[in-house]
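Results of the structural survey
What follows is each chain in one-letter form.
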Amino acid sequence: TDLYMRSPLNDKELFWYVGKVCRRLDLDDKDFSGSSIPTEMEAVISQKRLIIEYAKNQLRPQNFGGPYSKNLEIWIAPGDSEMYTVQ
């Protein structure tokens, strides 16, 4: 799943690609110790703070940091969607 972020305080229409999140779907794997498969949204929520802090402080501080950091939004899209946006 691809991750995009935007700050409506900076630009209401511009989304920035900030990375990917993945989840394991192979319940038959003996090394898989969990009892349930997380949804895409649960996978994003579990890493929300990491995603936001990385985007805000390392990736795009000029768009997500300082006064623009109040209402940050994370959006998800199907995998490899960033390739469609550059074509």
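The following paragraphs examine the structure supplied in this document.

Conventions we followed
Residues numbered from 1 in each chain as written. Predicted model: local features only at pLDDT ≥ 70, side-chain atom pairs only at ≥ 80, totals over all residues. Heavy atoms only, no water. Helix = DSSP H or I, 4+ residues; strand = E, 2+ residues; numbered from the N terminus. Buried < 20%, exposed > 50% of the residue type's maximum accessible area, 1.4 Å probe, protein only. Contact = heavy atoms within 4.5 Å. Areas by Shrake-Rupley, 256 points an atom, 1.4 Å probe, with all protein chains shown as cover. Pairing = 2+ DSSP bridges. Axes fitted to C-alpha atoms, helices over the stretch in contact; angles between N-to-C directions.

So, the overall build of the chain
Scanning the chain for helices and strands turns up four helices and three strands. In sequence order, the secondary structure elements of the chain are arranged as β-β-α-α-α-β-α. Taking all 87 residues of the chain together, the buried fraction comes to 26%. Counted over contacts in the chain with a minimum sequence separation of 6, partners at least 24 positions apart contribute 58%. A total of about 6,200 Å² of accessible surface is found on the chain, and carbon and sulfur atoms cover 53% of it.

Structural notes on the sheet that holds strand β3 (residues 73–77)
A sheet is described by the order of its strands in space; here three strands give the open sequence β2-β1-β3, paired in antiparallel fashion. In this open sheet, the two edge strands, each paired with only one partner strand, are β2 (16–20) and β3. Strand-to-strand twist in this sheet, taken as the mean axis angle between neighbours without regard to direction, amounts to 35°. Those strands touched by helix α2 (residues 48–59) are β1 (2–6), β2 and β3, and its axis lies near 130° from that of β2.

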